[in-house]
Amino acid sequence: MQLSMKTKKTFGAFTLTTDFTVSGERVGVFGVSGSGKSTLVSMLAGLVEPDSGEIILDGLPLYSSAKRINLRPEQRRIAMVFQQHCLFPHLSVKNNLLYGFKRCPAELRTIDFDALVGVLKLEELLGRGVTNLSGGEKQRVALGRAILANPRLLLMDEPLSALDDSLRFQIIPYLKTVSEHFGIPYLFISHSLVEMRLMTETTLVFEKGVMLEQTTGEQLARSRMGSSQVGYINLLKLGRPSPESGLFSYPWGGSRLLFTAGSERDSCTAELSSKDIILFKQHPEAISARNLLECRVRLLFNSGRKIGVELDCAGNTLIAEVVQDAVSELNITPGSTVYAAVKASAFRMLPE
Amino acid sequence: MFLADSDIQSIWLTVRLALAVTAILLILGTPVAWWLAHTRSRLKGILGAVVALPLVLPPSVLGFYLLLAMGPGGPVGHLTSILGIGALPFTFWGLVVASVFYSLPFMVQPLQNAFESIGEQPMDVAATLGASKLDAFFTVALPLTRTGFLTASILTFAHTVGEFGVVLMIGGNIPGVTRVASVQIYDHVEALEYGQAHNMAAVMLIFSFIVLLVLYTWRPNAMKMSRRD
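Residues numbered from 1 in each chain as written. Chains lettered and ligands numbered in written order. Predicted model: local features only at pLDDT ≥ 70, side-chain atom pairs only at ≥ 80, totals over all residues.

**Quick look at the overall build of chain A**
The number of helices and strands found in chain A is 9 helices and 22 strands. Here the C-alpha coordinates of chain A stretch approximately 70 × 45 × 30 Å along the principal axes. Taking all 352 residues of chain A together, 42% fall into the buried category. Within chain A, contacts between residues separated by at least 24 positions form 70% of all contacts whose residues are at least 6 apart in sequence. (Helix = DSSP H or I, 4+ residues; strand = E, 2+ residues; numbered from the N terminus. Buried ≥ 20, exposed ≤ 12 C-beta atoms within 10 Å, placed from the backbone. Contact = placed C-beta atoms within 7 Å.)

Written as structure tokens, this is what we have:
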């Protein structure tokens, strides 16, 4: 997918200016509330007309004020998954799914209904109404409905923000898998750094109606770590735990980590904030934290008033954050050895 | 017999009038209500006020102006003469035209409320799924606002049935042509036929009560269904 957007749109005192060209199958648009993200996707979908400029998707002009082109939304083949699922309450799950499919010209239909239903695990829901579905089920149906419209681009406007954490991490694999499985590029809009890392390969960063940079989700998360209240969220892939001294010992690559919470699953993912890691230059004599990992410093990076430290812990990567003084006092340099201490209660297990 | 032939004739005429007005207003009122629900134009206030005028205007005032407009010297009367239809006052279709104006807010306002309650997002979703505006209206907006359509239709029908001032001004009192139920009751009272006036009034009373009963018992649940998502 190649998208070129050079537009201007003013709403009262707010003006959104876009001037970028981006390529890739998984593109993110990041920004806080009021940065213009939703206006951008609405212009792309044809729901809001820019004041001036040009929007070109894969060589096809969707909008051009100079050439007086403005394709209607139904002509653009750009489907959207909204923040609120916006399912049609008068239709069953199956008829919601088929709404866009029926309106797509037969020669453009490449997505098999049964295959999609299988990937999204919606078989059992097809005959049901949509009002009594859970939040996660509704968002899966909304995703399926958008995919079945056989779009050339899928827009996801904060599709996870209305869901709680447990549902959020249940839906993310579906969003990625379905798009990759059926070869549909997407533009993912969010104000969550973790979602950007997990969902996108290229990220456009907007603030107050202006694009600041084009980067990657990973780089964005690192650069915003210092100013983020939650820091950088390390996502740790863990194996099945075993009991140990009243705690739970999880295999993590070549290391083991002690948690206060256990899990029955063979594999799971845990969150660990960069703020919850304490670095020691030498092995401490005694420490209350139950996890002490010997690590090698791979690199340092600036992030606002903080310094990020990328650690190699027996082949695994951890990002910790420290202040500049700590870097000087501990003489933390790339290649040096440090000890990372983490309390057993600092981890947060993500739902399956 | 409970009702005289002339009473039944006036009731049948009233039903025909109410059906015609409801059907016409469904067609004319829907786009007006849609526009009022979605526009950001400055004209919204003006059109909204015009639509609501019959709610506060004395029926005789509206009837008077309509009589002037539809009479031989009025612009509408001139137009109907050119078209070969002739003058509308004191005809059934004159009553229909007058009643359409008089009942306009009873169709438009419930529909406008219904359209506003569903917001713009369902239409936006439908558009991004490939539906044209007309397609989205019939497959999304209409089903989601069916309660509003039923309410508006019932209110319009009931209000037309109960008209008196406007129909008397425009239609007069021609049996089988313009003498509707409310005028028939008036006639009975003037002729001191209180028994027949009672019978007709009872029919109207029961009809009005049933309409309101249906609205107040069935409508809240129906509205809840359309909004629960």
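**Looking at the overall build of chain B**
A count of helices and strands for chain B gives 11 helices and 0 strands. Ordered by position in the sequence, the α and β elements of chain B form the string α-α-α-α-α-α-α-α-α-α-α. Overall, chain B is about 65 × 45 × 30 Å in size when its C-alpha atoms are taken along their principal axes. Counting every position in chain B, which comprises 229 residues, the buried fraction comes to 38%. Within chain B, residue pairs in contact and separated by at least 24 positions form 72% of the contacts whose partners lie at least 6 positions apart.

**Thoughts on the domain arrangement of chain A**
Domain assignment breaks chain A into domain 1 (2–215) and domain 2 (233–349). For domain 1 of chain A and domain 2 of chain A, the distance between their C-alpha centroids amounts to 36 Å. (Domains from an automatic or database assignment.)

**Observations concerning helix 8 (residues 146–161) of chain B**
Along an α-helix, residues three or four positions apart point the same way, because every turn accommodates 3.6 residues. Over its 16 residues, helix 8 of chain B runs 22 Å from end to end, which matches the ideal 22 Å to within 8%, given 1.5 Å per residue. Every buried residue of helix 8 of chain B is accounted for by Thr147, Gly148, Thr151, Ala152, Leu155, Thr156, Phe157, Ala158, His159, Thr160 and Val161 of chain B. (Expected span 1.5 Å × (residues − 1).)

**Notes on the sheet that holds strand 14 (residues 247–252) of chain A**
Residues and elements named next belong to chain A. Across the sheet, 3 strands lie side by side as 13-14-15; this open sheet has antiparallel pairing. Each of the sheet's edge strands pairs with one partner strand only, and the pair in question is strand 13 (242–244) and strand 15 (255–259). On average, adjacent strands in this sheet sit at an angle of 40° to one another, irrespective of strand direction. In terms of strand pairing, strand 13 meets strand 14 through 3 bridges, oriented antiparallel. (Pairing = 2+ DSSP bridges. Axes fitted to C-alpha atoms, helices over the stretch in contact; angles between N-to-C directions.)

**What to know about the packing of helix 1 (residues 5–38) of chain B against helix 5 (residues 92–118) of chain B**
Residue and element names in this part refer to chain B. Taken N-terminus to C-terminus, the directions of helix 1 and helix 5 make an angle of 45°; their axes are 7 Å apart at the nearest point. On the basis of the axis angle, helix 1 is oblique to helix 5. Of the two elements, helix 1 crosses helix 5, and the hand of that crossing is right-handed. By residue class, the composition of the contact of helix 1 with helix 5 is 19 nonpolar, 5 polar and 1 charged. (Parallel < 35°, antiparallel > 145°, perpendicular 65-115°, else oblique. Left-handed = near helix turned anticlockwise from the far one by under 90°. Nonpolar A, V, L, I, M, F, W, Y, C, P; charged D, E, K, R; others polar.)

**Focus on the sheet that holds strand 20 (residues 316–323) of chain A**
Residues and elements named next belong to chain A. The 5 strands lie next to each other as 17-21-18-19-20, forming an open sheet whose pairing is antiparallel. Looking at which strands have only one partner, the edges of the open sheet turn out to be strand 17 (278–280) and strand 20. Averaged over all neighbouring strand pairs, the angle between strand axes comes to 45°, with direction disregarded. As defined by bridge partners, strand 18 (residues 291–303) adjoins strand 19 (residues 306–313) across 7 bridges and the pair is classed as antiparallel. Residue pairing in the sheet places Leu300 in a bridge with Val309 of strand 19.

**What to know about the environment of Leu163 of chain A**
Residue and element names in this part refer to chain A. Summarising the element assignment, Leu163 is placed in the loop between strand 8 (153–157) and helix 6 (165–182). Taking the C-alpha atoms as reference points, Leu163 and Lys102, 61 residues apart in sequence, are found 29 Å from one another. When neighbours within four sequence positions are excluded, Leu163 is seen to be in contact with Gly135, Gly136, Gln139, Arg168 and Ile171.

**Topic: the nonpolar core**
Note that soluble globular proteins tend to have their nonpolar side chains buried in a common cluster. Core analysis: the biggest nonpolar cluster contains 139 residues, and Ala146, Ile147, Leu154, Leu155 and Leu187 of chain A together with Ala98 of chain B have the highest contact counts within it. Ranked by residue count, the leading element in this core is helix 5 of chain B, at 13 residues. Both domain 1 (2–215) and domain 2 (233–349) of chain A contribute no fewer than three residues apiece to this core. In this structure, Leu154 of chain A is in contact with Ala79, Val81, Ala146, Ile147, Ser179, Ile184 and Tyr186 of chain A, ignoring residues within four places of it in sequence. (Core = buried A, V, L, I, M, F, W, Y, C linked by C-beta atoms within 7 Å.)

**So, the interface of chain A and chain B**
Reports often express the size of an interface as the amount of accessible area lost when the parts come together. Counting from both sides, the interface comprises 20 residues of chain A and, opposite them, 15 residues of chain B. Residues of the side of chain A that touches chain B, tallied by class, amount to 14 nonpolar, 3 polar and 3 charged.

**Notes on the pairing of strand 3 (residues 26–30) of chain A**
Residue and element names in this part refer to chain A. By the criterion of burial, strand 3 is predominantly enclosed, with 5 of the 5 residues buried. Along strand 3, one buried face is formed by Arg26, Gly28 and Phe30 and the opposite face, lined by Val27 and Val29, is buried too. Sheet topology note: the strand 3/strand 9 (residues 186–190) ladder contains 5 bridges and is parallel. Opposite Val27, over in strand 9, you have Leu187 as the bridge partner.

**Description of the confidence of the model for chain B**
Residues and elements named next belong to chain B. Residue-level pLDDT values for chain B average 89, and 94% of them are 70 or greater. The lowest-confidence element of chain B is helix 11 (residues 194–227), averaging 75 in pLDDT; the highest-confidence one is helix 7 (residues 133–144), averaging 96. Segment residues 221–229: pLDDT under 50, and 9 contacts once partners within four positions in sequence are set aside and those in other chains are kept. Both scores are available for the predicted complex, with the pTM at 0.82 and the ipTM at 0.83. (pLDDT = per-residue confidence, 0-100.)

**Overview of helix 1 (residues 37–45) of chain A**
Residues and elements named next belong to chain A. Of all the 9 residues making up helix 1, 9 are buried; the element is thus mostly covered by neighbouring parts of the structure. By the burial criterion, the buried members of helix 1 are Lys37, Ser38, Thr39, Leu40, Val41, Ser42, Met43, Leu44 and Ala45. Remark: Gly46 follows helix 1 within two positions and exhibits a positive phi of approximately 90°.

**Details of the pairing of strand 14 of chain A**
All names here are of chain A. Covered by surrounding structure in strand 14 are Phe248, Tyr250 and Trp252 only, the residues Leu247, Ser249 and Pro251 on the alternate face being uncovered. The antiparallel hairpin formed by strand 13 and strand 14 contains 2 residues in its connecting segment, where Ser245 sits at a positive phi of about 50°. For strand 14 and strand 15, the ladder comprises 5 bridges, and the chain directions are antiparallel. Looking at the pairing, Tyr250 lines up with Leu257 of strand 15. Between the end of strand 14 and the start of strand 15, which pair antiparallel, lie 2 residues, with Gly253 showing a positive phi angle near 60°.

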